[in-house]
Amino acid sequence: METEISNILVMDQMVTDDNKGIRMTHNICEVKNVSQGTIIGFGVPKEVGDDAMLQYTLGLPGEYMFMCFCVKRSEFQKTKSELMAK
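Residues numbered from 1 in each chain as written. Predicted model: local features only at pLDDT ≥ 70, side-chain atom pairs only at ≥ 80, totals over all residues. Heavy atoms only, no water.

Student: Could you give me a rundown of the overall build of the protein chain, with the residues and numbers involved?
Tutor: Regarding its fold elements, the protein chain presents 3 helices and 2 strands. Secondary structure elements of the protein chain, listed N to C terminal, follow the sequence α-β-β-α-α. In terms of overall size, the protein chain is more extended than a compact globule, its C-alpha atoms giving a radius of gyration of 16 Å where 86 residues would be expected to give roughly 12 Å. Each of the three principal axes of the protein chain carries a C-alpha extent, and together these read 45 × 30 × 25 Å. Intrachain contacts of the protein chain at a sequence separation of at least 6 include 17% that bridge at least 24 residues. Within the structure as shown, the protein chain displays about 7,900 Å² of accessible surface, and the carbon and sulfur contribution to it stands at 59%. Across the protein chain, the mean location of the 9 positive side-chain charges is 9 Å away from that of the 12 negative side-chain charges. (Helix = DSSP H or I, 4+ residues; strand = E, 2+ residues; numbered from the N terminus. Rg over C-alpha atoms; globule rule 2.2 N^0.38 Å. Contact = heavy atoms within 4.5 Å. Areas by Shrake-Rupley, 256 points an atom, 1.4 Å probe, with all protein chains shown as cover. Lys, Arg positive; Asp, Glu negative; His and termini not counted. Charge placed at Lys NZ, Arg CZ, Asp CG, Glu CD.)

Student: Can you tell me about helix α2 (residues 46–58), naming the residues and giving the values?
Tutor: For α2, built from 13 residues, the straight-helix expectation of 18 Å at 1.5 Å per residue is met to within 8% by its first-to-last C-alpha distance of 18 Å. Residues of α2 that are buried include every one of Val48, Asp51 and Gln55, and no others. For α2, the angular spread of the buried residues around the axis is 65 degrees, confining them to a single face. Opposite its buried face, α2 presents the exposed residues Lys46, Tyr56 and Thr57, each directed more than 90 degrees away. Where α2 ends, the next residue or the one after it, Gly59, has phi of about 75 degrees, a positive value. (Expected span 1.5 Å × (residues − 1). Buried < 20%, exposed > 50% of the residue type's maximum accessible area, 1.4 Å probe, protein only. Arc of directions from axis to C-beta.)

Student: Which residues make up a nonpolar patch on the surface, and what are the values?
Tutor: Nonpolar side chains collect at one region of the surface, where Ile8, Met65, Met67, Phe69, Val71 and Phe76 lie side by side and expose about 640 Å² of accessible area between them. By the element assignment, Met67 lies in the loop between α2 and α3 (73–85). (Patch = residues over 30% accessible without salt bridge, like charges linked within 9 Å, V, L, I, M, F, W, Y side chains within 5 Å. Salt bridge = Lys/Arg side-chain N within 4 Å of Asp/Glu carboxyl O.)

Student: Before we move on, could you go through the pattern of salt bridges and cite the residues and values that matter?
Tutor: By the definition in use, this model includes 4 salt bridges. The closest approach of N and O atoms between Arg23 and Glu47, which form a salt bridge, is 3.6 Å. With Arg23 in the loop between α1 (2–16) and β1 (28–34) and Glu47 in helix α2, this pair connects stretches of sequence that are 24 residues apart. The partly exposed category is assigned to Arg23, whose relative accessible area is 40%. One salt bridge in this structure joins Glu75 and Lys78, with 3.9 Å as the shortest N-O distance. With Glu75 and Lys78 both in helix α3, this residue pair falls 3 residues apart, about one helical turn.

Student: Tell me about the pairing of strand β2 (residues 37–42), and name the residues and values.
Tutor: One ladder, built from 6 bridges, connects β1 with β2; its direction is antiparallel. Within β2, the residue paired with Val31 across the bridge is Ile40. A loop of 2 residues connects β1 with β2, the two strands running antiparallel in sequence. (Pairing = 2+ DSSP bridges.)

It is worth stressing that arrangement in space is one thing and function is another; only the former is reported here.
So this is what it looks like as C-alpha cells:
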C-alpha cells in the first residue's frame, strides 16, 4: 500500500506544480464489454497515444505510465466537502 500512496503523492505534487509531465483526460471515446470485463477508451494527445501503442505492442516501459482511476462521484464530493471545511 505504501507504494500506491507514494505514487499518488508524487502525482499530486506534479499537478500542484502544473508539471507538463502529467496528463489527465476524462474524454471517454469508447466503451465495450469483453470476456475479461469492460474496456474504456480515453482520448489523449497523439504523443501520449503513440507512447501507449509502443508499450502495448512491445511490452516495454515507455515515457508515460498509464493508470486508470474510477472515482465514485458521491465519495469524491463528500471528501471534497470535508477538505473544504478544514
